[in-house]
Amino acid sequence: MKFYQKEIRLKAYNRGFHLVTQEVLYLFPELKNIKKGMCQIFIKHTSASLTINENADPTVRQDFESHMNKMVPENAPYYIHTYEGPDDMPAHIKASLMGASVQIPVTNGRLNLGIWQGVYLCEHRNHASGRSLVITAFGE
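What counts, and at which threshold
Residues numbered from 1 in each chain as written. Predicted model: local features only at pLDDT ≥ 70, side-chain atom pairs only at ≥ 80, totals over all residues. Heavy atoms only, no water. Salt bridge = Lys/Arg side-chain N within 4 Å of Asp/Glu carboxyl O. Helix = DSSP H or I, 4+ residues; strand = E, 2+ residues; numbered from the N terminus. Buried < 20%, exposed > 50% of the residue type's maximum accessible area, 1.4 Å probe, protein only. Core = buried A, V, L, I, M, F, W, Y, C linked by side-chain atoms within 4.5 Å. Contact = heavy atoms within 4.5 Å. Arc of directions from axis to C-beta. Pairing = 2+ DSSP bridges. Axes fitted to C-alpha atoms, helices over the stretch in contact; angles between N-to-C directions. Phe/Tyr/Trp six-rings, centres within 6.5 Å; stacked < 30°, edge-to-face > 60°.

Asker: What's the story with the pattern of salt bridges in this structure? I'm lost.
Answerer: Oppositely charged side chains may form a pair once their charged atoms are brought near each other. Applying the stated criterion to the full structure yields nine salt bridges. Between R15 and E65 there is a salt bridge, with the nearest N and O atoms lying 3.0 Å from each other. Here R15 is found in the loop between strand 1 (2-9) and strand 2 (16-19), whereas its partner E65 is found in helix 2 (residues 58-71), with 50 residues between them in sequence. The class for E65 is buried, based on a relative accessible area of 14%. A single salt-bridge network, built from bridges that share partners, covers E84, D87, D88 and R125.

This is the structure:
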């Protein structure tokens, strides 16, 4: 069994939901060495998250952002953790709701995603810097 692990840094993205599948694959060419296995992608931040969803229609990403903002609004009067601005606590809640990692099967050196699936970086801060991901792939 082979194991590969690498920490990569994504460029800074605006607040919203962004397809990063191709950027991840470009920065992690080691995936091509796995014939059959698994790949885990983990984000090292508490105010951004990862998920897998629709990779074709950009309105899906807009709807995700709109819904999350309605579900977890800024300036809720009961927030205490607001040291870094009105998007601070909502970003932490959204990150916990969406999750810090995704796991994807690997087949013949490629992520075995459905035809309409892609990996999203869910950026929940208004002014975030680049985000660090740890990618671990293992298999035969």
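Picking up after the structure, the text goes on.
Asker: Explain the nonpolar core here, please?
Answerer: In a soluble, globular protein the nonpolar side chains are often hidden away together inside. By size, the foremost hydrophobic cluster in this structure holds 23 residues, and its most contacted members are L10, V24, C39, I41 and L133. Elements with a contribution of two residues or more to this core: strand 3 (36-43), strand 4 (48-54), strand 5 (101-107), strand 7 (117-123) and strand 8 (132-139). Sequence-distant contacts of L10, defined by excluding residues within four places in its chain, comprise V20, E23, V24, L121, G130, R131 and L133. Listed in part, the five residues of the second largest apolar core include F17, M68, M98 and C122.

Asker: Can you help me understand helix 3 (residues 88-98) in this one?
Answerer: Structural remark: α-helix, 3.6 residues per turn; residues separated by three or four positions point the same way. Among the residues of helix 3, D88, P90, A91, K94, A95 and M98 are the ones counted as buried. Each buried residue of helix 3 lies within a common arc of 160° when the element is viewed along its axis, so the set occupies one face. Exposed side of helix 3, more than 90 degrees from the buried face: S96 and L97 are the residues found there. At its buried positions, helix 3 is contacted by strand 2, strand 4, helix 2 and strand 7.

Asker: How do you make sense of the sheet that holds strand 4 when you look at a structure like this?
Answerer: Each strand in a sheet pairs with another by means of backbone hydrogen bonds, the pair being arranged parallel or else antiparallel. Strands sit in the order 2-7-4 across an open sheet of three strands; the sheet is antiparallel. In this open sheet, the two edge strands, each paired with only one partner strand, are strand 2 and strand 4. Averaged over all pairs of adjacent strands, the angle between their axes in this sheet comes to 35°, without regard to strand direction. The sheet strands contacting helix 2 are strand 2, strand 4 and strand 7, and the helix crosses strand 2 at an angle near 150°. Running at roughly 45° to strand 4, helix 3 makes contact with strand 2, strand 4 and strand 7 of the sheet.

Asker: So what exactly am I meant to see when it comes to the packing of aromatic side chains here?
Answerer: One pass over the full model with this rule turns up five aromatic pairs. Arranged with centres 6.3 Å apart and planes meeting at 75°, the rings of F17 and Y120 form a pair that is edge-to-face. Here the residue F17 occupies a position in strand 2, and Y120 occupies one in strand 7, the gap between them amounting to 103 residues. Residue classification places F17 among the buried positions, given a relative accessible area of 5%. The class for Y120 is buried, based on a relative accessible area of 0%. Considering the side-chain rings of F64 and Y120, the 5.8 Å spacing of their centres and the 80° angle between planes classify their relative orientation as edge-to-face. On the criterion of sequence distance, the pair formed by F64 in helix 2 and Y120 in strand 7 is long-range, its members being 56 residues apart.

Asker: When you look at unusual backbone geometry in this model, what are you seeing that I'm missing?
Answerer: The bulk of non-glycine residues show a negative phi, and the bulk of peptide bonds are trans. If you check the backbone angles, N75 has positive phi at about 60° while not being a glycine. Position of N75 relative to the elements: it lies in the loop between helix 2 and helix 3. For N75, a relative accessible area of 59% translates into the label exposed.

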